[in-house]
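# Residue-level structural notes
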Amino acid sequence: MSLSPDTPTPSSKSAPHGAAFGRDAHRVYDAAQLDGQYLARFGVPAFVEFVKRWQSDSAALIDACSRALDVPFGEGKDETLDIFHAAHGTPAPVLVFYHGGYWRSADKAWFRFIARPFVKRGAFVVLPNYSLCPSVGMDALVEQCTRTFEWIWRNVASFGGDESRVFVSGHSAGGHIYGMLLAHDWSSLRSSSGFPIKGIMAISGLFDLEPIRLTSLNQDLRLTAESATRNSPVNLPLPARLPPIIAAVGGLESDEFKRQNRLFAGHVGDPSCSIVEVQGHHHHSVLDAMASPKHPFSRMVRNQGLF
C-alpha cells in the first residue's frame, strides 16, 4: 500500500502469510554500506533542522495543551513520561509513543509535537523516556520499556484513559520497542480483551537486530550475536490473537529499512497487518506526515480504532 498526500485513506491490505523477505539479505553489504543503509541521519542533510523544528513545535504544544510532564513511572532518573490530556471526552483512548534515536540518543521532549492531532480529536498521548545505550544494555532497555507499558496500562484510568483502548506507536528504535511489547506475555495484567494493546502503528521500525550489530552503531549498543537474537521481534513468538497493526516506512527510506518493515509484516503474517509506504517521505519526515492532521497517513493512524 502506497500513501501520498493526495491518496484517500485506504482500506487495510493484508500482509502475505508466511512470506519470506530475505533474513540474510543484509549480508550483500560490507560494513561501510551497512552504515549507509542504517545511519539515516547521514542520508538527510537537513537532520539538524528537523530536530530544531520538532523541538520548537513541541515547546509550542506545551503552552497549548493540558499536560503532565516528567511523571515518574520508576525510580531511575530516565524513568519518566509525559501525558498530554485529551481535549474532550473521558474515558478516552490512549496512544503511547516510543521515540527513536538508535537506542542511544534523543529524548521524549523532542517528539511532543506528535501529540497535537490526536489530543485535539480526543485521545490521551503518552510519551515515555527510557535509558540509553551504552549506559544500559539492550536487555535492560527492553525490560524497562516493558515496565513502562505495564505502568501506563495499570494507571490509565487514573488520568482519564480507557484501558480497553490503549494503542502503541513508535519510530525507528521505538518501533523495535513496540515489536518487543507485542511479543511479551501480558497475561498477568488480566486485560478484559485478553491482550492490553488495542492496535500498533510501526513506523520505520527495526525488528531484526543482527544487521545493526554489524554497523558502527554497535560501538554504543554492544550487541552480541546472542543478545541481538533474543531482542529481535522477528525471532519471537506472537500471541494467538493479534491487534490491528500498521507497518509503515517512508517511500524515500533505504532498502534495508524497507526490508525490515516487510520482514516484520511477514513475521506477523496476519490479515490484521497493513504494509504502508508513505511516499515522498524519508526516515525523519515520515513523522511530519503522522503529525499532520490532513495527511492520509495521519488519518490512517487515527482511523485504526483510536476514534
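Check the entry above for the structure.
Residues numbered from 1 in each chain as written. Predicted model: local features only at pLDDT ≥ 70, side-chain atom pairs only at ≥ 80, totals over all residues. Heavy atoms only, no water.

## Here's the deal with the packing of helix α4 (residues 138-155) against helix α5 (residues 173-183)
Just so we agree on the cut-off: Fitted lines through C-alpha atoms serve as axes, helices being fitted only where they are in contact, and the angles separating the N-to-C directions of these axes extend from 0 to 180 degrees. Comment: elements are numbered from the N terminus, with helices defined as DSSP H or I runs of at least four residues and strands as E runs of at least two. These descriptions rest on fixed angle ranges, namely under 35 degrees for roughly parallel, over 145 for roughly antiparallel, 65 to 115 for roughly perpendicular, and the rest for oblique. In this scheme the crossing of two helices becomes right-handed for a clockwise turn of the near helix relative to the far one and left-handed for an anticlockwise turn of less than a right angle. Whether two residues are in contact is decided by their heavy atoms, any of which lying within 4.5 Å being enough.
In contact at an axis separation of 10 Å, α4 and α5 are set at 70 degrees when each is read in the N-to-C sense. By the angle between their axes, α4 is roughly perpendicular relative to α5. Judged by the twist between their axes, the crossing of α4 over α5 is right-handed. Facing M138, L141, V142, C145, T146 and F149 of α4, the residues of α5 in contact are H176, I177, M180 and L181.

## Re empty space enclosed by the protein
Threshold: Cavity: a set of points on a 1 Å grid over the protein atoms alone where a 1.4 Å probe fits but cannot get out. Pocket: an open set with protein on both sides within 12 Å along at least five of seven lines, its lining residues, like those of a cavity, having an atom within 4 Å of a point. Grid points are joined across faces, edges and corners, and a volume is the space filled by probe spheres set on the points. Classification used: nonpolar for Ala, Val, Leu, Ile, Met, Phe, Trp, Tyr, Cys and Pro, charged for Asp, Glu, Lys and Arg, polar for all others including Gly.
By the definition in use, this model includes two cavities of 30 Å³ or more. As a volume, the largest cavity reaches approximately 170 Å³. Lining the largest cavity are 16 residues, and of these R41, F47, G100, G101 and H284 sit closest to its centre. At three residues, the largest contribution of residues to the lining of the largest cavity is made by helix α2 (residues 47-64). Looking at side-chain class alone, the lining of the largest cavity contains eight nonpolar, seven polar and one charged residues. Taken as a whole, the second largest cavity encloses approximately 30 Å³ of empty space. Looking at the second largest cavity, the residues that line it are E163, S164, S191, S193, F195, P196, I197 and K198.

## Comments concerning α5
Given 3.6 residues per turn, any residue in an α-helix points the same way as the ones three and four places further on. The condition is simple: Throughout this description, buried means an accessible area under 20% of the type-specific maximum (1.4 Å probe, protein chains only), exposed means over 50%, and partly exposed covers the range between.
The buried fraction of α5 is high, at 11 of 11 residues. Among all positions of α5, only A173, G174, G175, H176, I177, Y178, G179, M180, L181, L182 and A183 are buried.

## Quick notes on the layout of surface pockets
Within this model, the largest pocket holds a volume of roughly 180 Å³. Lining of the largest pocket is provided by S193, G194, F195, I197, K198, R241, L242, P243 and P244. Of the residues in the lining of the largest pocket, the class split is five nonpolar, two polar and two charged.

## Description of the side chain of T215
The following threshold applies: Each polar contact in these results corresponds to two N or O atoms within 3.5 Å; when the atoms are within protein, one needs to be able to donate a hydrogen and the other to accept it, and residues that are neighboring in sequence are counted only if both atoms are side-chain atoms.
Relative to the assigned elements, T215 resides in the loop between α6 (210-213) and α7 (218-221). Relative accessible area serves as the criterion here: at 7%, T215 is assigned to the buried category. A distance of 2.8 Å separates a polar atom in the side chain of T215 from the backbone oxygen of I212.

## A short note on the environment of G101
Along the chain, G101 turns up in the loop between β4 (92-98) and α3 (116-121). Assessed through its relative accessible area of 17%, G101 is described here as buried. Distance in space between the C-alpha atoms of G101 and P243 is 26 Å, their sequence separation being 142 residues. Other than its neighbours up to four places away in sequence, G101 contacts A106 and A173.

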